[in-house]
Amino acid sequence: MSSQSNSKPSITIVDEVIPAGIAQAANEVDLLQLLLERLQQPTLQLDLQGSVVYANKAALSLFASTTEMLVSKQLHSFLAAPWSAFYRNCFEQYGDPQALVHSASEMMIDINETAVPVNMSLSFMPVKQPCLLATFQDLRAQKAEIQRLHQLACTDALTGLANRRAFFETLQ
């Protein structure tokens with residue numbers, strides 16, 4: 001015979017798992033910003049007019065900036081053409097912030113007058129004070145790896161000279 005336990009599963013909360021700041025969050029805005037700070041992905045919190053309200057540490061690192069330099073700036077001011085004009089028009093024309101939401105698109109952002117390839121995703125947060133979250137994925141390492149692989153594919157491993165593939169690509 002098998003013996004079955006009548007005990008029910010339980011959940012134990014360990015104090016170290018929940019950061020002290022979350023328990024002390026005064027409101028939804030504080031809680032959202034505490035959670036955004038924990039994200040490893042660069043994220044900007046925007047108001048419904050497209051102004052930056054908050055930037056997490058990863059975003060400050062990506063934009064090579066400080067909080068003071070990012071907060072209150074418009075999202076479109078970071079984006080390179082044609083995305084800058086597109087988002088400026090979107091925020092000016094759309095009354096419904098959910099119409100601005102879209103999945104990741106490859107675009108360029110301007111960082112100290114240098115174009116950096118990123119994927120950006122814009123999400124609507126339906127909280128008491130509605131906002132948008134712009135999350136970014138830096139594509140520089142990925143682009144460099146693709147370029148390195150292309151170089152390997154077009155180069156003879158023994159001689160280091162351009163191979164047949166490179167020749168045909170040049171002809172096209």
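Data block above holds the structure.
Here we take up the nonpolar core. One finds L44, L46, F63, L75, I109, L122 and F136 to be the most contacted residues of the largest nonpolar core, which totals 27 residues. Secondary structure elements with two or more residues in this core: β1 (43-46), β2 (52-55), α3 (57-62), α5 (83-93), β3 (102-111), β4 (114-125) and β5 (131-138). For this core, the element with the most residues is β4, which contributes five residues. For F63, the contacting residues outside a window of four places in its chain are L44, L70, F78, I109, I111 and F136. If you look at the next biggest cluster of nonpolar residues, it comprises five residues, including L32, L36, C131 and L133.

Let's shift gears to the pattern of salt bridges. Across all of its chains, the model carries three salt bridges by this definition. In this structure, D138 and R140 form a salt bridge, with 2.6 Å as the shortest nitrogen-oxygen distance. Using a relative accessible area of 42% as the deciding quantity, one classes R140 as partly exposed. With a closest N to O distance of 3.3 Å, E169 and R165 form a salt bridge. In this pair, E169 and R165 both sit in helix α7 (residues 164-171), four residues apart, roughly one turn of the helix. Classification of E169 as partly exposed rests on a relative accessible area of 34%.

Bringing the side chain of Q33 into the picture now. The topology assignment puts Q33 in helix α2 (residues 28-38). A relative accessible area of 17% places Q33 in the buried class. Ignoring sequence-local partners within four residues, the contact set of Q33 consists of Q45, V53 and Y54.

With that settled, the discussion passes to the side chain of T43. Among the secondary structure elements, T43 is positioned in strand β1. Here the side chain of T43 touches Q41 through a polar contact of 2.9 Å, landing on its backbone oxygen. With near-sequence residues (within four places) excluded, T43 lies in contact with L36, Y54, A55, N56, A59, L133, A134 and T135.

Thresholds applied
For every chain, the first residue of the written sequence is number 1, and numbering continues from 1 onward in sequence order. Only residues with pLDDT of at least 70 are given local features in this predicted model, and only at 80 or more are side-chain atom pairs given and counted; all residues enter the totals for whole chains, interfaces and linings. Derived side-chain values reflect all non-hydrogen atoms in the structure, with water molecules and hydrogen atoms excluded from consideration. In plain words, nonpolar cores are sets of buried Ala, Val, Leu, Ile, Met, Phe, Trp, Tyr and Cys residues tied together by side-chain atoms within 4.5 Å. In this scheme, a residue with accessible area under 20% of its type's maximum is buried, one over 50% is exposed, and one in between is partly exposed, where area comes from a 1.4 Å probe on protein chains only. Numbered from the N terminus, helices here are DSSP runs of H or I no shorter than four residues, and strands are runs of E no shorter than two. Note on contacts: a residue pair qualifies if any of its non-hydrogen atoms lie within 4.5 Å across the two residues. Salt bridges are defined as contacts in which a side-chain nitrogen from Lys or Arg sits within 4 Å of a carboxyl oxygen from Asp or Glu. Distance and chemistry together define a polar contact, namely a pair of N or O atoms within 3.5 Å, with one atom able to donate a hydrogen and the other to accept it when in protein, and with adjacent residues in sequence counting only for side-chain atoms on both sides.

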